Amino acid sequence: MRILSGIQPSGRPHLGNYFSMMKRMVEYQKDHELFVFIASYHAMTTVQNQTELREGILNTVLDFLAVGIDPKKAVFWVQSDVPQVTELCWILSNFINVSQLELAHSYKDKIAQGINPNGGLFFYPVLMAADILAFRTDKVPVGKDQKQHLEFTRDIAERFNRCYGELFKLPEPDISEEVAVIPGIDGRKMSKSYKNAIYLFADEKELKKQVMSIITDSKGVDEPKDPDSSVLYHIYSLFLNEEEKRILRDKFLTPGIGYGHIKQELYQKILDYFSDFRKKRQQLENQIDDVMDILKEGAKKAQNIAEEVLEEVRKATGLKYYG
Ligand code: ADP
Ligand code: TRP
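K.L.:
An account of the pairing of strand 2 (residues 33-38) is requested, with residue identities and associated values reported.
P.N.:
Within strand 2, 5 of the 6 residues are buried, which leaves the element mostly enclosed by the surrounding structure. In the sheet, strand 1 (residues 2-7) pairs with strand 2 via 6 bridges, with the strands oriented parallel. Counted as the bridge partner of Ile-3 is Leu-34 from strand 2. Between the parallel elements strand 1 and strand 2, the chain passes through helix 1 (residues 15-28) in a crossover that is right-handed.

Here you go:
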C-alpha cells in the first residue's frame, strides 16, 4: 500500500503536526511504501519572503528526519523539486469548478478573516490533488482540517477518470480520531499561523513559556478539575498510555494538585520525549551536505514515479500529439 503526506514549511513543526501526521508516517514506514514531502509551493501562498521560506524548508526537513523518517525506507523530497506535480496541477484544474473551489475551508477562512486571498490560495486544493494523484496514492494520513481537500481530490480524480478511463486511484483519507484536532495553548486548533503552537524543538526557555501559558479555568489547588474539558489534559494525554492517562485523570479529579504543578510535569515530559530526537537533529545540522544529498536523491525518485504517471496523462488527454 502506498502512503503519502506532506507538510507546509510555513514555520516550525508543532505537536499538532507531529501527533496527527509525522509520528504516524514514521510508524507506517516500517511496513508500507512511504512518500513524504515538504509542501514548499503551498507555503508560498502565505510566506513571501526568501529567508523565511528557505529557513522554513530546511527546519521542516531537519525536524522530519530527526523524528525518524528514514530516507532508505521512505521517498523524501521538497515539492518544488518535482515539476511534474505543477504540470499535473494545471491539467487537473480543468476538472473542478470555481464554485467548488470557493467552498474550500482554507479559502473561506481567509475571506472570513477579512484577508483578500491570492490566486495560489484559491488553487491550493488542486495542487494538493496533484501531489496525491501523481503518485497513485492509496492512503493519506492527515489531521481533520485536510478532510475536505481529500474529498476534492477524489472528486477531481473521478471527473478525470470519467473522461479518460481509470487512470487515477481514488485515495482514502487516514484521520486518527484521537489526534484529529489537537488544541493549541489558547484552546483553538494548534496552528503555525495562530501563534498558539508548542514546537517540537523549542529550546527549554521557549518551551517552558509555551507550556506555562496553556489556558486553564480558574480552579484552585483544593478543587477537583474536569479533565474532559481541559486543554492541558488533552495535550498532556498525547504523551501517555492508557494507564498513565488514568493516573492523570485522577490527579485532575482529586483535590490537592494545582495546574502549575501539572504543567511543570508536562514540560518535563515533552523535554524527555523529544530528547533523543533533539540529539539526532543536532547531528543532522552538522551534516547538512548529507541532508542535501538525501533531498536530491528523494526528488529524483519522486520525479521518476511522477513522470511515468504524467506520461500516461499526456497520452490519455491528447496533449502528447507527437510520436
Ligand atoms: P499548520 O496548520 O500548522 O500550518 P500544516 O498545514 O502544515 O500545519 O499541517 C500538516 C499536517 O498536520 C496536516 O496533516 C494537518 O492536518 C495536520 N495538523 C496541523 N495542525 C493540526 C492540529 N492542530 N491537530 C491535528 N492535526 C493538525
Ligand atoms: N495542505 C496540507 C496541509 O496544510 C499539506 C499538503 C500539501 C498535503 N499537499 C499534500 C498533505 C498532499 C497531504 C497530501 O497540511
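After that view of the structure, there is still more to cover.
K.L.:
Any chance you could break down the pattern of salt bridges for me, citing the residues and the numbers?
P.N.:
Here the structure, examined in full by the defined rule, presents 25 salt bridges. Of the charged contacts in the structure, one is a salt bridge between Asp-145 and Lys-189, with a shortest N-O distance of 2.5 Å. Placement of the pair is Asp-145 in the loop between strand 4 (139-141) and helix 8 (147-164) and Lys-189 in the loop between strand 5 (172-174) and helix 9 (204-212), with a sequence separation of 44 residues. For Asp-145, a relative accessible area of 39% puts it in the partly exposed group.

K.L.:
Give me the lowdown on the site of ligand 2, citing residues and values where you can.
P.N.:
With respect to spatial proximity, 14 residues lie near ligand 2, and among them Gln-8, Tyr-124, Met-128, Asp-131 and Gln-146 are the closest. Note that a nitrogen atom of ligand 2 is positioned 3.2 Å from one of the side-chain N or O atoms of Gln-146. Compared with its free state, where it exposes 360 Å², ligand 2 has 91% of that area covered by protein. Only strand 1 and helix 7 (119-133) provide two or more residues apiece to the shell around ligand 2. Looking at the shell around ligand 2 element by element, the count peaks at 4 residues for helix 7. Taken together, the residues that form the shell around ligand 2 break down as 8 nonpolar, 5 polar and 1 charged.

K.L.:
How would you sum up the nonpolar core? Please name residues and give values.
P.N.:
Counting 60 residues, the largest nonpolar core has Leu-15, Phe-64, Ile-69 and Ile-198 as its most contacted members. Summarising the domain contributions, this core has at least three residues from each of domain 1 (2-182 + 288-317) and domain 2 (204-273). Every residue in contact with Phe-64, bar those within four places of it in the chain, is listed here: Ile-7, Met-21, Met-22, Val-36, Ile-38, Ile-69 and Phe-76. In this structure, Trp-77, Leu-92, Ile-132 and Ile-156 belong to the second largest nonpolar core, which totals 42 residues.

K.L.:
I'd like a description of the site of ligand 1, backed by residues and values.
P.N.:
As a structural note, the neighbourhood of ligand 1 is formed by 18 residues, with His-14, Ser-20, Asp-145, Ile-182 and Lys-192 the closest of them. Within the side chain of His-14, one N or O atom sits 2.7 Å away from an oxygen atom of ligand 1. Asp-145 has a polar side-chain atom sitting 2.4 Å from an oxygen atom of ligand 1. When ligand 1 sits alone it has 540 Å² of accessible area, and the protein chains cover 95% of it. A total of 3 residues in the shell around ligand 1 trace back to one element, the largest contributor, which is helix 1. Grouping the constituent residues of the shell around ligand 1 by class yields 7 nonpolar, 8 polar and 3 charged.

K.L.:
Could you give me a rundown of the packing of aromatic side chains, with the residues and numbers involved?
P.N.:
Scanning the model with the defined rule gives 25 aromatic pairs in all. Residues Phe-19 and Tyr-273 carry aromatic rings whose centres are separated by 6.1 Å and whose planes lie at 45 degrees to one another, so their mutual orientation is tilted. You can see Phe-19 sitting in helix 1 and its partner Tyr-273 sitting in helix 12 (residues 259-273), a full 254 residues away along the chain. Accessibility expressed as a relative area gives 4% for Phe-19, which makes it buried. When the ring of Tyr-233 is compared with that of Phe-252, the centres are 5.5 Å apart and the planes differ by 85 degrees; the resulting orientation is edge-to-face. Of this pair, Tyr-233 sits in helix 10 (residues 231-237) while Phe-252 sits in helix 11 (residues 242-253); the two residues are 19 residues apart in sequence, bridging distant segments of the chain.

Rules and cut-offs
Chains are numbered independently. Their residues run from 1 in the order of the written sequence. Labels are handed out in written order, letters beginning with A for the chains and numbers beginning with 1 for the ligands. With pLDDT at 70 or above as the cut-off, local features in this predicted model cover only qualifying residues; side-chain atom pairs require 80 or more to be listed or tallied, and sums for whole chains, interfaces and linings still use all residues. For side-chain calculations, the full set of non-hydrogen atoms in the structure is used, while hydrogens and water are omitted. Here the term buried applies to any residue with accessible area under 20% of the maximum for its type, exposed to any over 50%, and partly exposed to those in between, with areas from a 1.4 Å probe on protein chains only. Put simply, DSSP H or I for four residues or longer makes a helix, DSSP E for two residues or longer makes a strand, and each gets a number counted from the N terminus. Pairing between strands requires that DSSP locate at least two bridges from one strand to the other. Handedness of a crossover is defined as follows: with both strands directed away from the viewer, a clockwise route from the first strand across the helix to the second makes it right-handed. By salt bridge we mean one thing: a side-chain nitrogen of Lys or Arg within 4 Å of a carboxyl oxygen of Asp or Glu. Only a single heavy atom is needed: when it lies within 4 Å of a molecule or strand, its residue is near that molecule or strand. Here a polar contact means two N or O atoms within 3.5 Å. Within protein one must be a hydrogen donor candidate and the other an acceptor candidate, and residues neighboring in sequence count only if both atoms are side-chain atoms. In short, Shrake-Rupley with a 1.4 Å probe defines the accessible areas, and a residue's cover is counted only from the protein chains shown. Under the scheme applied here, ten amino acids are nonpolar (Ala, Val, Leu, Ile, Met, Phe, Trp, Tyr, Cys and Pro), four are charged (Asp, Glu, Lys and Arg), and all others, including Gly, are polar. Throughout this description, the term nonpolar core refers to a set of buried Ala, Val, Leu, Ile, Met, Phe, Trp, Tyr and Cys residues connected via side-chain atoms within 4.5 Å. An automatic or database domain assignment is the source of the domain bounds shown. For this analysis, residues touch if any pair of their heavy atoms sits within 4.5 Å. For Phe, Tyr and Trp, where Trp contributes only its six-membered ring, two rings pair if their centres lie within 6.5 Å, and the inter-plane angle classes them as stacked under 30 degrees, edge-to-face over 60, or tilted in between.

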